[in-house]
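What the coordinates show
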Amino acid sequence: MRRVHRHGIHSLRGKLTAANVGLLALGIVAATAISLMAMRHYLLDQVDSELTKTRSSLGSSQLTMRQIDSLSVLGFVRDRLLPDYADDRPAPDSVFTAVDGKGKALPLFGIKPTEAQLGLADAVADPGALTRDADPHDVTVHDAAYRVTATRLSDGTYILLATSTDALHKGIAKALKLDLAVGTLLLALLACLTLFSVRRRMRPLEDMVETSSAIAEGDLTRRVPSSHHPTQEVEQLRLALNSMLHQVETAYRTRERSAAQLRRFVADASHELRTPLSAIRGYLQLYDQGMLVEPDERRRAWDRMNGEVDRMGRLVDELLTLARLDQRPELRLRNVDVSRLVRDAAQDLRAQQPGRPVTVEADGALLVRADESGLRQVLGNLVANVRTHTPADVPVRLGAERVDGVVRLSVEDKGPGLGAEDAARVFDRFFRAGGGAGSGLGLAIVQGVVQAHGGEVNVRTAPGEGLAVTVELPTRPEVCG
């Protein structure tokens, strides 16, 4: 069942979205501030340039106030009688006024100063300071912003030149509102795109959470699926997680299998040891109750108890051998001629079963770095397995050869063979095909010894085709001590 994930501002998705929106907001604020400051500086520079140019013209003209009044009369007449030449008049947002040394507004053309001229004169406290300063100043006239500068005429009169900057500030305010509106729209669009993109990119991580939860609930087969558009880092994480999950599943299955094998081993060992103990206890009870009165009966009971004791001793010895092999014992390695060991094993088999046809393919010397007693036990167990589970007249072939740097030992018989299920369990401890004779530990010991040498053992068999056991040993094994 798919889990429902709740995402908030504290989730990774929320934090990434907030970080992107925050960075864009900072960028928009910075870009807006820089652009508006640059625009204001450019427009004010144009206003100041016009004011400075006019001030320089008046200052270099050496005019007096009387002459300016005369020029004003001419200008008035031109504006009234020749309107086609009135295009060069000062703009309506400009204020031109004359003041005396105390800053009092003077009439021009015999007309009293206007409210704007009076306000400009009141706003400028020291006209002399304006004439000495190269840059115009900001003043406020009747709640309106102006840039003002001044020049001094030859008769000591000061002329104040001012241009309104209200339109400039209103334009900057409108540009600011427009930038904020566009910026807000961009932030909302970025937030939506980021949420969509992060959701798509974070889907593999959500799959990882779901997979981990499913595994925690017992489904060890779950794996993180591949995304349609994976990023490199997420794909690497997915592959690493799937590899780890595979190792976890393998380790769990191995532990379960080992636990099951241990339980079966303990049960089988208990059963195998209980059988001879029960037989010995039974004969002792017969003797204790005086039921073995005849010497032949006592001798037969004595022989049976000795046989069960020997059987139990062999079983304990084999169990101890397997226990030592499980502990990875340090092998006594030296150069061993495996051809000689094969010929010795064949001689032992001929001595025990003279009527069995035995073929040996182990000519010359074939050296391998190994533990000689361990290899003798391997061949002895394989030969004993043939002797126990096949008729005495079944042919047997023993061989030794070197193939691609590997020494290969083989013991092959033409007996009844095994089925697929039995063949898969021949190396299990206490396994006996068909409940036959033997302890069921021989091939388990063979496998343990071969693995201790860094080699492997394989079985090839089929019903009616006999059994072939092949042992492969490296020439110089890397033994785990």
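Just so you know, these numbers come straight off a predicted model, no measurement behind them. (Residues numbered from 1 in each chain as written. Predicted model: local features only at pLDDT ≥ 70, side-chain atom pairs only at ≥ 80, totals over all residues. Heavy atoms only, no water.)

A few words on the overall build of the chain. Within the chain, the regular secondary structure consists of 11 helices and 12 strands. Taken across its 481 residues, the chain has 35% of its residues classed as buried. Summarising the internal contacts of the chain: among those between residues at least 6 apart in sequence, 65% fall at separations of at least 24. Within the structure as shown, the chain displays about 29,500 Å² of accessible surface, and the carbon and sulfur contribution to it stands at 55%. (Helix = DSSP H or I, 4+ residues; strand = E, 2+ residues; numbered from the N terminus. Buried < 20%, exposed > 50% of the residue type's maximum accessible area, 1.4 Å probe, protein only. Contact = heavy atoms within 4.5 Å. Areas by Shrake-Rupley, 256 points an atom, 1.4 Å probe, with all protein chains shown as cover.)

Our next topic: a nonpolar patch on the surface. Residues Leu178, Val182, Leu186, Leu189 and Leu193 make up a contiguous nonpolar surface patch of about 460 Å² in total accessible area. Among the secondary structure elements, Leu193 is positioned in helix H5 (residues 166–216). (Patch = residues over 30% accessible without salt bridge, like charges linked within 9 Å, V, L, I, M, F, W, Y side chains within 5 Å. Salt bridge = Lys/Arg side-chain N within 4 Å of Asp/Glu carboxyl O.)

With mixed pairing, the 5 strands of this open sheet are ordered in space as S7-S9-S10-S12-S11. At either margin of the open sheet sits one strand with a lone partner, and together these are strand S7 (358–361) and strand S11 (456–461). Sheet twist, expressed as the mean angle between neighbouring strand axes with direction ignored, is 15°. Each of S11 and strand S12 (467–474) touches helix H11 (residues 442–452); the most contacted strand, S11, lies at about 140° to it. (Pairing = 2+ DSSP bridges. Axes fitted to C-alpha atoms, helices over the stretch in contact; angles between N-to-C directions.)

We now examine the sheet that holds strand S4 (residues 144–152). In any sheet, the strands associate via hydrogen bonds between backbone groups, in a parallel or an antiparallel arrangement. Strand order in the open sheet made by the 5 strands is S2-S1-S5-S4-S3, with antiparallel pairing throughout. Two strands lie at the open edges of the sheet, namely strand S2 (105–106) and strand S3 (137–141), each paired on one side alone. Sheet topology places strand S1 (residues 94–99) next to strand S5 (residues 158–164); 6 bridges connect them, and they run antiparallel. The residue bridging Phe96 from the neighbouring strand is Leu161, located in S5.

In this structure, Val338, Leu375, Leu382, Leu398, Leu409 and Val471 are the most contacted members of the largest nonpolar core, which totals 37 residues. If you list the elements that add at least two residues to this core, you get helix H8 (338–352), strand S8 (367–370), helix H9 (372–389), strand S9 (396–403), strand S10 (406–413), H11 and S12. Counting residues in hydrophobic clusters, the runner-up holds 16 residues, among them Val99, Leu130, Ala144 and Leu160. (Core = buried A, V, L, I, M, F, W, Y, C linked by side-chain atoms within 4.5 Å.)

Attention now moves to the side chain of Ser410. Relative to the helices and strands, Ser410 is located in strand S10. Of note is the side chain of Ser410, whose polar atom sits 3.2 Å from the side chain of Arg397. When neighbours within four sequence positions are excluded, Ser410 is seen to be in contact with Arg397, Leu398, Gly399, Val469 and Thr470. (Polar contact = N/O pair within 3.5 Å; in protein donor to acceptor, adjacent residues only side chain to side chain.)

Another aspect to go through is the pattern of salt bridges. This model, assessed by the stated rule, comprises 15 salt bridges. Residues Arg147 and Asp48 are paired through a salt bridge, measuring 2.6 Å at the closest nitrogen-oxygen approach. Of the two residues, Arg147 sits in strand S4 while Asp48 sits in helix H1 (residues 12–61), which places them 99 residues apart along the sequence. Both residues of the pair, Arg147 and Asp48, count as buried. Within the structure, one salt-bridge network assembled from shared partners comprises Arg334, Arg340, Asp344, Glu372 and Arg376.

With that out of the way, let us pick up the pairing of S9. Both S7 and S9 contribute to a ladder of 4 bridges, which runs parallel. From the neighbouring strand, Val360 faces S9, where its bridge partner is Leu398. Sheet topology note: the S9/S10 ladder contains 8 bridges and is antiparallel. Bridge assignment links Arg397 to a residue of S10, and that residue is Glu412. In textbook terms, the turn of a hairpin is the stretch between consecutive antiparallel strands, and for S9 and S10 this stretch comprises 2 residues, one of which, Asp404, has a positive phi near 55°.

With that settled, consider helix H3 (residues 115–123). Buried within H3 are the following residues: Gln117, Gly119, Leu120 and Ala121. Residues of H3 that are buried in the fold lie against S1, S2, S3, S4 and S5.

The subject of this paragraph is the pairing of S12. With 7 of 8 residues buried, S12 is to be regarded as a mostly interior element. With 8 bridges connecting them, S10 and S12 associate as antiparallel partners. Bridge pairing in S12 places Val411 opposite Val469. Sheet topology places S11 next to S12; 6 bridges connect them, and they run antiparallel. Following the sheet pairing, Val457 is matched in S12 by Val471. Taken together, S11 and the strand that follows it, S12, pair antiparallel across an intervening segment of 5 residues, in which Gly464 is found at a positive phi of about 80°.

Moving on, we get to H8. Here H8 is 15 residues long and its end C-alpha atoms lie 21 Å apart, about the 21 Å a rise of 1.5 Å per residue gives. Buried residues of H8: Val338, Ser339, Leu341, Val342, Ala345, Ala346 and Leu349, and no others. The arc that holds every buried residue of H8, seen down its axis, measures 165°, which confines them to one face. For H8, the elements touching its buried residues are strand S6 (334–337), S7, S8, H9, S9 and S10. (Expected span 1.5 Å × (residues − 1). Arc of directions from axis to C-beta.)

Once that is clear, we can look at the confidence of the model for the chain. Averaged over the chain, the pLDDT score is 78; the fraction of residues at 70 or greater is 83%. Here residues 1–5 scores under 50 on pLDDT; set against residues more than four positions off or in separate chains, the count is 9 contacts. Below pLDDT 50 for its whole length, residues 73–91 participates in 8 contacts with residues either more than four positions away or in separate chains. (pLDDT = per-residue confidence, 0-100.)

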